[in-house]
Amino acid sequence: YKDWGENIPESCLCSQEEEEEGKCQTVNYGNFLLNYFRQKKSVFVQNCLPLIMDSVTRNANIKLAVVFTLFALALLGLVLSSLMIYQMSVPVMFIDEPPAYQQLYNLAE
């Protein structure tokens, strides 16, 4: 709350439930227009910047993991398709001749 000086925004003010959980502290708050009247307001103890940075870092890590996973899958697909193209371009040579045709049964009889 000290970052804002006397102009604490509404987003930094605590609700009744958060006060009971011990996340807040009571401070003297001066209104922007009426600086002569001091009020006591309940604000969050912890700054917002560490919470925002944790959220940004977590989201960046998730996005990087997805990007690297997709990159690894694309690289695997490239290698497998290259192997398939190579195998199709190399002529296959049979060492043994295929067996001669033999009639299995006679339909005329």
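Residues numbered from 1 in each chain as written. Predicted model: local features only at pLDDT ≥ 70, side-chain atom pairs only at ≥ 80, totals over all residues. Heavy atoms only, no water.

Asks: Which residues make up the overall build of the chain, and what are the values?
Replies: Of the regular secondary structure elements, the chain holds two helices and two strands. Beginning at the N terminus, the succession of helices and strands in the chain can be written as α-β-β-α. Classification of the 109 residues of the chain by burial places 9% in the buried group. Restricting to contacts in the chain with at least 6 residues of sequence separation, those with at least 24 account for 38%. Summing over all exposed atoms, the chain offers an accessible surface of approximately 10300 Å²; the carbon and sulfur share of this is 63%. (Helix = DSSP H or I, 4+ residues; strand = E, 2+ residues; numbered from the N terminus. Buried < 20%, exposed > 50% of the residue type's maximum accessible area, 1.4 Å probe, protein only. Contact = heavy atoms within 4.5 Å. Areas by Shrake-Rupley, 256 points an atom, 1.4 Å probe, with all protein chains shown as cover.)

Asks: So what's going on with the nonpolar core? Residues and values would help.
Replies: Proteins that are soluble and globular tend to have nonpolar side chains buried together. Residues Ile8, Cys12, Leu13, Val27 and Val43 constitute the largest nonpolar core, which totals five residues. Ignoring anything within four residues of it in the chain, the contact list for Leu13 reads Ile8, Lys41, Ser42, Val43 and Phe44. (Core = buried A, V, L, I, M, F, W, Y, C linked by side-chain atoms within 4.5 Å.)

Asks: Provide a residue-level description of the confidence of the model for the chain, including the pertinent values.
Replies: As a note on interpretation, predicted positions should not be read in detail where pLDDT is low. Scored by pLDDT, the chain has a mean of 79; 77% of the residues are at 70 or more. Within the chain, the element-level pLDDT minimum falls on strand 2 (residues 38-44), averaging 71, and the maximum on helix 2 (residues 48-89), averaging 92. (pLDDT = per-residue confidence, 0-100.)

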